[in-house]
Amino acid sequence: MKLSFHEKNGVVILEPRGKIMGGPDATVLHDKLHDLIAEKKLKVVIDLSEVDWMNSTGLGILISGLTTLRNNQGDLKLASVTEKIQSLLTITKLVTVFEAYDSVDEAITSFGAAARA
Amino acid sequence: MSGTSRDSIELVIPSDPGRISEADDFLETALRSRGVPDAIVSDMAIAATELVNNAIVHGNKRDATKTVILSLQITDSEVVIRVVDQGEGFDPGQVPDPLAQENLLREVGRGIFIARSLMDDVRYERNPGGGMVVIVRKSLNPA
């Protein structure tokens, strides 16, 4: 897995590419999420459009990021979820836990909507 | 492949969760080179990494002196994976329900559930030589 990131409108967009299946690769995403929290960057979108697939280790990393961000008054949202990962989120009922959007821009906009609510 | 053709290969992995990607690479390379459809490749790779990770962590308890054997058999009609560890065995029935509301935010505990969801059949057996054997099957001709 490779990981790039950028920031837009105060939201950090993480762009993992490849597979999130555990091992050293996956810790990169885990560590990045926790680095962002330490830096008080608490609005995070993960763009999953280039993730081929993930296993329960990958799902655990997403949950860890989500719960830690929410515990710090932040949030983690998913964007461009592929069919394979959507299927995993559905069978594990994690679809009820994560907010997911069709595009990164929609996910970014949702933070503003939440702030105005 | 003919009606009776069988193709079997195996990989030995040290009990190090950091080596889990070797199982993924092994499965993906073997299945793609044999023309297995992408959707089945991804399901098999996900299930195999779940089972190998369980074998390393819960079976062999990360003991570096122990190994996990991942074997793959492909016939005309199905793909079969066997994962063999050298541990004391564990009871997959004792894993908390990952779909229970109180467990939804747990970071671990979904591996067996995901493997069962993606595969047509998952069986746990005690290996006569010690350790646990998990055998999973996936049809190449889904209904």
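Residues numbered from 1 in each chain as written. Chains lettered and ligands numbered in written order. Predicted model: local features only at pLDDT ≥ 70, side-chain atom pairs only at ≥ 80, totals over all residues. Heavy atoms only, no water.

*Asks:* I'd like a description of the overall build of chain A, backed by residues and values.
*Replies:* On a plain count of helices and strands, chain A comes out with 4 helices and 6 strands. Ordered by position from N to C terminus, the α and β elements of chain A give β-β-α-β-β-α-β-α-β-α. Split into buried and exposed, the 117 residues of chain A put 50% on the buried side. When contacts within chain A are restricted to residue pairs at least 6 apart in sequence, those whose partners lie at least 24 apart make up 68%. For chain A, the exposed area adds up to about 5200 Å²; of that, 49% sits on carbon and sulfur atoms. (Helix = DSSP H or I, 4+ residues; strand = E, 2+ residues; numbered from the N terminus. Buried < 20%, exposed > 50% of the residue type's maximum accessible area, 1.4 Å probe, protein only. Contact = heavy atoms within 4.5 Å. Areas by Shrake-Rupley, 256 points an atom, 1.4 Å probe, with all protein chains shown as cover.)

*Asks:* I'd like a rundown of the side chain of Thr92 of chain A, residues and numbers included.
*Replies:* Position of Thr92 of chain A relative to the elements: it lies in the loop between α3 (83–91) and β6 (99–101). Residue contacts for Thr92 of chain A: discarding those within four places in its chain leaves Leu59 of chain A together with Leu99, Leu104, Arg110, Phe113 and Ile114 of chain B.

*Asks:* An account of the packing of helix α1 (residues 24–38) of chain A against helix α2 (residues 56–71) of chain A is needed here, citing residue identities and associated values.
*Replies:* All names here are of chain A. As a packed pair, α1 and α2 sit with axes 10 Å apart at the nearest point and diverge in direction by 5 degrees. In terms of their interaxial angle, α1 and α2 are classed as roughly parallel. Of α2, the residues touching α1 (which contributes Ala26, Leu29, His30, Leu33, His34 and Ile37) are Ile61, Leu62, Ser64, Gly65, Thr68 and Leu69. (Axes fitted to C-alpha atoms, helices over the stretch in contact; angles between N-to-C directions. Parallel < 35°, antiparallel > 145°, perpendicular 65-115°, else oblique.)

*Asks:* I'd like to hear about the sheet that holds strand β5 (residues 132–139) of chain B, residue by residue, with values.
*Replies:* All names here are of chain B. The 5 strands lie next to each other as β1-β2-β3-β5-β4, forming an open sheet whose pairing is antiparallel. Each edge of the open sheet carries a strand with a single partner, namely β1 (7–14) and β4 (121–126). Pairs of neighbouring strands in the sheet enclose a mean axial angle of 15 degrees, with direction left out of account. Pairing of strand β3 (residues 78–84) with β5 involves 7 bridges; the strand directions are antiparallel. Its bridge partner being in β5, Val79 is matched across the sheet by Lys138. Against the sheet, helix α1 (residues 20–33) makes contact with β1, β2 (67–74) and β3, and its axis sits at roughly 15 degrees relative to β2, the strand it touches most. (Pairing = 2+ DSSP bridges.)

*Asks:* Tell me what's going on with the pairing of strand β1 (residues 2–8) of chain A, and back it up with residues and numbers.
*Replies:* Residues and elements named next belong to chain A. Across 7 bridges, the pairing between β1 and strand β2 (residues 11–20) is antiparallel. Considered in β2, the bridge of Leu3 is made with Pro16. Hairpin connection of β1 to β2: 2 residues between the antiparallel strands, including Asn9 at a positive phi of 50 degrees.

*Asks:* Outline the pattern of salt bridges, listing residues and values.
*Replies:* Scanning all chains against the criterion turns up 15 salt bridges over all chains. In this structure, Glu22 of chain B engages Arg19 of chain B in a salt bridge whose closest nitrogen and oxygen atoms are separated by 2.3 Å. The class for Arg19 of chain B is partly exposed, based on a relative accessible area of 32%. Close ionic contact of Glu78 of chain B with Arg137 of chain B constitutes a salt bridge, the shortest N to O distance being 2.7 Å. Separated by 59 residues along the polypeptide, Glu78 of chain B in strand β3 and Arg137 of chain B in strand β5 bring together distant segments of the chain. Given the relative accessible area of 21%, Glu78 of chain B is considered partly exposed. Each of Lys19 of chain A together with Asp24, Glu28, Arg32 and Asp38 of chain B takes part in salt bridges that share partners, so that together they form one network. (Salt bridge = Lys/Arg side-chain N within 4 Å of Asp/Glu carboxyl O.)

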